[in-house]
Amino acid sequence: MSKQWIATAWGAPESWELVEREVAAPGVGEVTIRVHAAGVNPADAKHVASARPGVELPVPIGYEVSGVLTAIGSDTRMGSGEAVLDAEVVAFRIQGGYATEVTVPAEKVFAKPTTLTHPEAANLLLVGTTAAEMLAVTGAAPGETILLHGASGAVGVSVLQQARLRGIRVIGTAGEHRLDEVRRFGGIPVTYGAGLADRVREVADAPIAAALDAVGTDEAVDVSLELVADRRRIVTIAAPARAQAAGFLAIAGSMPDSARFRDEVRGELIALAQNGDLVVPLARTFPLAQAPDAHRLLASGHPGGKLALIP
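How each quantity is defined
- Residues numbered from 1 in each chain as written.
- Predicted model: local features only at pLDDT ≥ 70, side-chain atom pairs only at ≥ 80, totals over all residues.
- Heavy atoms only, no water.
- Helix = DSSP H or I, 4+ residues; strand = E, 2+ residues; numbered from the N terminus.
- Rg over C-alpha atoms; globule rule 2.2 N^0.38 Å.
- Buried < 20%, exposed > 50% of the residue type's maximum accessible area, 1.4 Å probe, protein only.
- Contact = heavy atoms within 4.5 Å.
- Areas by Shrake-Rupley, 256 points an atom, 1.4 Å probe, with all protein chains shown as cover.
- Phe/Tyr/Trp six-rings, centres within 6.5 Å; stacked < 30°, edge-to-face > 60°.
- Expected span 1.5 Å × (residues − 1).
- Bend = angle between axes of the 7 residues up to and from the residue.
- Pairing = 2+ DSSP bridges.
- Core = buried A, V, L, I, M, F, W, Y, C linked by side-chain atoms within 4.5 Å.
- Axes fitted to C-alpha atoms, helices over the stretch in contact; angles between N-to-C directions.

A.B. asks: Just to check I follow, could you spell out the overall build of the chain for this structure?
C.D. replies: Check the secondary structure of the chain and you find 10 helices and 18 strands. The globule rule puts the C-alpha radius of gyration for 311 residues at 19 Å, and the 19 Å found for the chain is close to it. C-alpha extents for the chain along the principal axes are approximately 60 × 40 × 35 Å. In the chain, which comprises 311 residues, the proportion classed as buried is 50%. Contacts in the chain between residues far apart in sequence, at least 24 positions, make up 67% of those at least 6 positions apart. As displayed, the chain has an accessible area near 13,300 Å², and 52% of this comes from carbon and sulfur atoms.

Printed below as a string of structure tokens:
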């Protein structure tokens, strides 16, 4: 039997239920993972907050995990190669990761980077693939200067690391108490708030080639539109309505093009982490039974890093 969090009604995490379920034996092309850590992401709660077309209750919660293979179906290869019992792995773009054990398609499973702990590894790929796509769709190139809103958040920190590896200069917005986090990962920090556009110009010393919005505030969108001439080089993950109205890009994992890109880039990000070039700042872990508490901290907007659930 496995313990697993499910949404039996649309609403906040407080309405979720922790239930016991039989773990399905892996079929062709599937593996079973004993979960050592489950990544905690805003999307976990957002996607069951209200009814969505084509989605029926109950909904298993959790999109990414790190753990150990306990069973392997026939004719099975993982995303990173051969599946081996007891191997440490990560899985991303799955359903039901808030569990003690879960059976998933093997193509979604990769060898865990040995440089990361299970809680860190369980938080690598959702933010990492999102960050990679933001850089890709805006065409950010070596030598350019870009603006990143929300640079000290989880997605922002991954953007900073990936941009630095490519020789892209990043001006990153953050609160006063998080500026050192932006510096730590190679960004040029500026505080958000009144006068943001002028502060960006003061430190830029070059045109702002692109803007990446990970916060979705009106300030972030307005400053991006003011500083970036080509709206095709502005992207948001948090303000889709503004993007549609103003004619710039919005991306989300539920979009087919985004899903395709994020699947394709997983192996590259795993390799970067294995080489020590991509780290995951972890703020805190919670017991699996305290998933609603983890989401309350996440919803506060100031978790100070990634969160993980530990079965």
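A.B. asks: I would appreciate a short explanation of the packing of aromatic side chains in the present structure.
C.D. replies: To describe a pair of aromatic rings, you give the distance between the ring centres and the angle between the ring planes. In total, this model carries one aromatic pair according to the counting rule given. Taking 6.1 Å as the distance between ring centres and 65 degrees as the angle between the ring planes, the aromatic pair formed by W16 and Y98 counts as edge-to-face. In this pair, W16 is assigned in the loop between strand 1 (2-7) and strand 2 (17-21) and Y98 in the loop between strand 8 (88-92) and strand 9 (101-105), connecting sequence segments 82 residues apart. Residue classification places Y98 among the buried residues on the basis of a relative accessible area of 0%.

A.B. asks: Looking at this structure, how should I read helix 9 (residues 256-274)?
C.D. replies: Residues spaced three or four apart along an α-helix face the same direction, because each turn holds 3.6 residues. Between its first and last C-alpha atoms helix 9 spans 28 Å; for 19 residues at 1.5 Å apiece the expected length is 27 Å, and the two agree. Along helix 9, the helix axis deviates most sharply at R266, where the bend reaches about 40 degrees. Taken as a whole, helix 9 has its buried residues at S258, A259, R262, V265, R266, L269, I270, L272 and A273. In this fold, the buried residues of helix 9 make contact with strand 8, strand 10 (109-111), helix 3 (125-137) and helix 4 (154-166). One or two steps after helix 9, the chain reaches G276, where phi turns positive at roughly 85 degrees.

A.B. asks: Even after reading the chapter, I still don't get the pairing of strand 8, so can you show me in this structure?
C.D. replies: Successive side chains on a regular strand alternate, one facing one side of the sheet and the next facing the other. Counting buried positions along strand 8 yields four of five residues, so the element is predominantly enclosed. Relative to strand 8, strand 5 (residues 64-72) runs antiparallel, the two sharing five bridges. Within strand 8, the residue paired with E64 across the bridge is F92. With three bridges connecting them, strand 8 and strand 10 associate as antiparallel partners. Across the sheet, the residue bridging to V90 is F110, located in strand 10.

A.B. asks: I keep staring at the nonpolar core and nothing clicks. Help me out?
C.D. replies: Here is a general trend for soluble globular proteins: nonpolar side chains tend to be buried in one another's company. Judged by nonpolar contacts, the single largest core of 31 residues is most densely connected at W16, V31, I33, Y98, V109 and L309. Those residues in contact with W16 that sit more than four places away from it in its chain are W5, I6, A7, G11, D44, A45, V48, I61, Y98 and H295. Of all hydrophobic cores here, the second largest spans 23 residues; its members include A163, V170, A174 and V235.

A.B. asks: Quick question: what am I supposed to make of the sheet that holds strand 15 (residues 234-236) here?
C.D. replies: Where strands meet in a sheet, backbone hydrogen bonds hold them as pairs that are either parallel or antiparallel. Judged by pairing direction, the sheet is parallel, and its six strands sit side by side in the order 13-12-11-14-15-16 without closing on themselves. Of all the strands in the sheet, the pair left with one neighbour each is strand 13 (188-191) and strand 16 (249-250). Contacts from helix 7 (residues 218-227) reach strand 11 (145-149), strand 14 (208-213) and strand 15, with the element oriented near 165 degrees to strand 11.

A.B. asks: Can you help me understand the side chain of Q161 in this one?
C.D. replies: Position of Q161 among the secondary structure elements: in helix 4. For Q161, a relative accessible area of 3% corresponds to the buried category.

A.B. asks: What exactly am I supposed to notice about the side chain of H295 here?
C.D. replies: As for its position among the elements, H295 is in helix 10 (residues 291-299). Among the residues examined, H295 registers a relative accessible area of 6% and is labelled buried. Apart from residues lying up to four places away in sequence, H295 is in contact with P13, W16, V40, N41, D44, A45 and Y98.

A.B. asks: What am I meant to see in the sheet that holds strand 1 here?
C.D. replies: Read across the sheet, three strands follow the order 2-1-4 without closing on themselves; strand pairing throughout is antiparallel. Each of the sheet's edge strands pairs with one partner strand only, and the pair in question is strand 2 and strand 4 (59-60). Sheet analysis places strand 1 next to strand 2, joined by five bridges and oriented antiparallel. The partner of S2 across the bridge, within strand 2, is R21.

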